[in-house]
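Examining the three-dimensional arrangement
Here's the letter readout for the chains.
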Amino acid sequence: MFTCPYCGLPQERFATLDADWVMLEPDMEPLAHTVPAERRWITVADGRVTVYGVCPPVVEQRCRIEHELACPSRALPDLWPWLTSLREENRRASERRDGPEPPASPAELPATG
Ligand SMILES: [Zn+2]
């Protein structure tokens, strides 16, 4: 067991199939479909770990998550990049609008019964 240098909590180090290391959250195996696709780690026969590649995941499949996602001392990484892109596009679209009318307050809306 290793200690996270940011929060001091335990984390488990595993070798990955890519000859790298990943620090996983101990004692935590959420259902894979509740974890963003690229963040689902599973253990293979030799004890190494790899990102679970079945998508959509098998309903009862569980996975491991990186401690980084659970670390209270680090900012949460961008788990949904496509939503971040969409929000950025929408922010620009919103800024491009010329003098948007402020939304009417509910009191000014006609009563519709
Ligand atoms: Zn930590």
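As the structure is a prediction and not an experimental result, all values here were calculated from the model.

1. Remarks on the overall build of the protein
Within the protein one finds 2 helices and 5 strands. By residue count, 11% of the 113 residues in the protein fall in the buried class.

2. Quick look at the sheet that holds strand β1 (residues 2–3)
Here 3 strands make up an open sheet; going across it, the order is β1-β2-β3 and the pairing antiparallel. The strands lining the two open edges of the sheet, one partner per strand, are β1 and β3 (21–24). As paired strands, strand β2 (residues 10–15) and β3 are joined by 4 bridges and run antiparallel to one another. The residue of β3 that forms the bridge with Glu12 is Leu24.

3. Considering the pairing of β2
Here β1 pairs with β2 via 2 bridges, running antiparallel. By the bridge assignment for β2, Thr3 is matched with Pro10. The turn linking β1 back onto β2 is made up of 6 residues, and Gly8 within it adopts a positive phi angle of 80 degrees. Hairpin connection from β2 to β3: 5 residues lie between these consecutive antiparallel strands, with Ala19 at a positive phi of about 60 degrees.

4. Notes on the confidence of the model for the protein
Averaged over every residue, the pLDDT of the protein is 91; the share at 70 or more is 86%. Here helix α2 (residues 81–96) stands out as the element of the protein with the lowest mean pLDDT, 95, in contrast to β3, whose mean of 98 is the highest.

5. Side note on unusual backbone geometry
Cys55 connects to Pro56 through a cis peptide bond whose omega is 0 degrees. Assignment of secondary structure puts Pro56 in the loop between β5 (49–51) and α1 (67–70). Despite not being glycine, Ala19 shows a phi value in the positive range, around 60 degrees. What makes Ala19 exposed here is the crowd of 7 C-beta atoms within 10 Å. You will see that Asp27, though not glycine, has its phi angle at about 50 degrees, which is positive. Turning to its location among the elements, Asp27 is positioned in the loop between β3 and β4 (41–43).

6. Quick notes on the nonpolar core
In this structure, Val22, Leu24, Ala32, Val35, Trp41, Tyr52 and Cys63 together form the largest nonpolar core, which totals 7 residues. Dropping the residues within four chain positions of it, Val22 is found in contact with Phe14, Thr16, Trp41, Val49 and Glu66.

The rules we used
- Residues numbered from 1 in each chain as written.
- Predicted model: local features only at pLDDT ≥ 70, side-chain atom pairs only at ≥ 80, totals over all residues.
- Helix = DSSP H or I, 4+ residues; strand = E, 2+ residues; numbered from the N terminus.
- Buried ≥ 20, exposed ≤ 12 C-beta atoms within 10 Å, placed from the backbone.
- Pairing = 2+ DSSP bridges.
- pLDDT = per-residue confidence, 0-100.
- Core = buried A, V, L, I, M, F, W, Y, C linked by C-beta atoms within 7 Å.
- Contact = placed C-beta atoms within 7 Å.

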